[in-house]
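# Commentary on secondary and tertiary structure
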Amino acid sequence: MANELDINDTSDTNLKIHFLGTGSPIPLTSRFGPSILIQAGDQYLLFDGGRGAIQRIYSLGIPFPKIDKLFITHLHSDHTVGIPDIFLTSWVRGRKTPFEVWGPEGTTHLMNGIRSAFEYDIKIRIDQNDGSNIKIHDIDEGIIYDKDELQVIAFQVDHGPVKPAFGYRINYKGKSVLLSGDTRYDENLIKYAKDVDVIVHEVASTSDNMANAMPMTQKIVDIHTTPEEAGKIFALINPKLAIYSHIVLFDVSDDELVRKTNKNYQGPLLVANDLMTVSINDNGYNIMQNNIYKD
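The rules we used
Residues numbered from 1 in each chain as written. Predicted model: local features only at pLDDT ≥ 70, side-chain atom pairs only at ≥ 80, totals over all residues. Heavy atoms only, no water. Pairing = 2+ DSSP bridges. Helix = DSSP H or I, 4+ residues; strand = E, 2+ residues; numbered from the N terminus. Axes fitted to C-alpha atoms, helices over the stretch in contact; angles between N-to-C directions. Buried < 20%, exposed > 50% of the residue type's maximum accessible area, 1.4 Å probe, protein only. Arc of directions from axis to C-beta. Contact = heavy atoms within 4.5 Å.

So, on to the sheet that holds strand β7 (residues 142–147). Read from one edge of the open sheet, seven strands run β7-β8-β9-β10-β11-β12-β13, paired in mixed fashion. On the outer flanks of this sheet lie β7 and β13 (269–271), each paired with one strand and no other. This sheet shows a mean twist of 25° between the axes of neighbouring strands, independent of strand direction. Pairing geometry for strand β10 (residues 175–179) and strand β11 (residues 198–206), over three bridges, is parallel. Residue pairing across strands places L178 opposite I199, the latter belonging to β11.

Below, the structure written as structure tokens:
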């Protein structure tokens, strides 16, 4: 597929959103686990490390040594199971700086456990350098990263019994994107999304038939945001573009997802796919669907 954007172009001021994984805990090959890579100039920030994230980074042709900063929304396994692969592969393939991680309380325990689990592998590597080390930050709400006009703000969201759970707002040279993380309808998210250009929001929905046949599906939906609720959020925020990612659907199609959202919001809406890139620029945004497989 011809590309409208050069994903490796770092000369402009665009803020790029690379959707590595847009799925749920279900191990689909079409939608990998939740993971988003934000590109701002020559900086790359990874948000969550779901299943298959490193393969998607490879498919996009992004150099592995660039992947040295990870922000975790919460510690559910579908958001973290790919982290060991990201940490080790980016180091073995050339990263010489520590792997730096920000996340909720418990992140230090998680990352120390990962390094301990792979201690044998790390020790036998010939090229020993700082890339095998991890720098960890257990975060609170507020500005947690600020470098070269790229700023990351963490804010708490309501993911039911999972506490704390965070969303992130990323600001870069007058452009902005908000990542909801896993959340119910949340007033705090709406506060932090004021004047944002693009909002990337999770969504969950089940049909009545599925909810009756498998009550667990409704329990899952209850700690997420329904498309009707997301539509209310988008209508209040009025972004240039609203995007669904971390899509959890039980007997509901993408078209039905959009129809449910349109009950409360009729603005620009995109259901993201893996390897999609959205570039926020001075004129609005561009969308590119990448199919860059190099095997």
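Moving on from the coordinates now.
Here we take up helix α8 (residues 227–237). Residues of α8 that are buried: P227, A230, G231, I233, F234 and I237. One side of α8 carries all its buried residues, which in axial view fall inside an arc of 160°. Contacts made by the buried residues of α8 are with α5 (187–192), β11, β12 (241–250), α9 (254–261) and β13. Residue N238 follows α8 closely and has a positive phi angle near 55°.

The subject of this paragraph is the environment of S24. Looking at the secondary structure, you find S24 in the loop between β1 (15–21) and β2 (35–40). S24 sits 27 residues away from R51 along the chain, and the two C-alpha atoms are 9.5 Å apart. Ignoring any residue separated from it by four or fewer positions in sequence, one finds S24 in contact with H246, I247 and V248.

It is worth spelling out the sheet that holds strand β5 (residues 99–103) at this point. Across the sheet, eight strands lie side by side as β6-β5-β4-β3-β2-β1-β14-β15; this open sheet has mixed pairing. Each edge of the open sheet carries a strand with a single partner, namely β6 (134–138) and β15 (284–289). Ignoring strand direction, the axes of neighbouring strands in this sheet form an average angle of 20°. Two elements, β5 and β6, share five bridges in a ladder whose sense is parallel. Along β6, the bridge assignment pairs F99 with I134. In the packing of helix α1 (residues 53–60) onto the sheet, contacts are made with β1 and β2, and the angle to β1 comes to roughly 130°.

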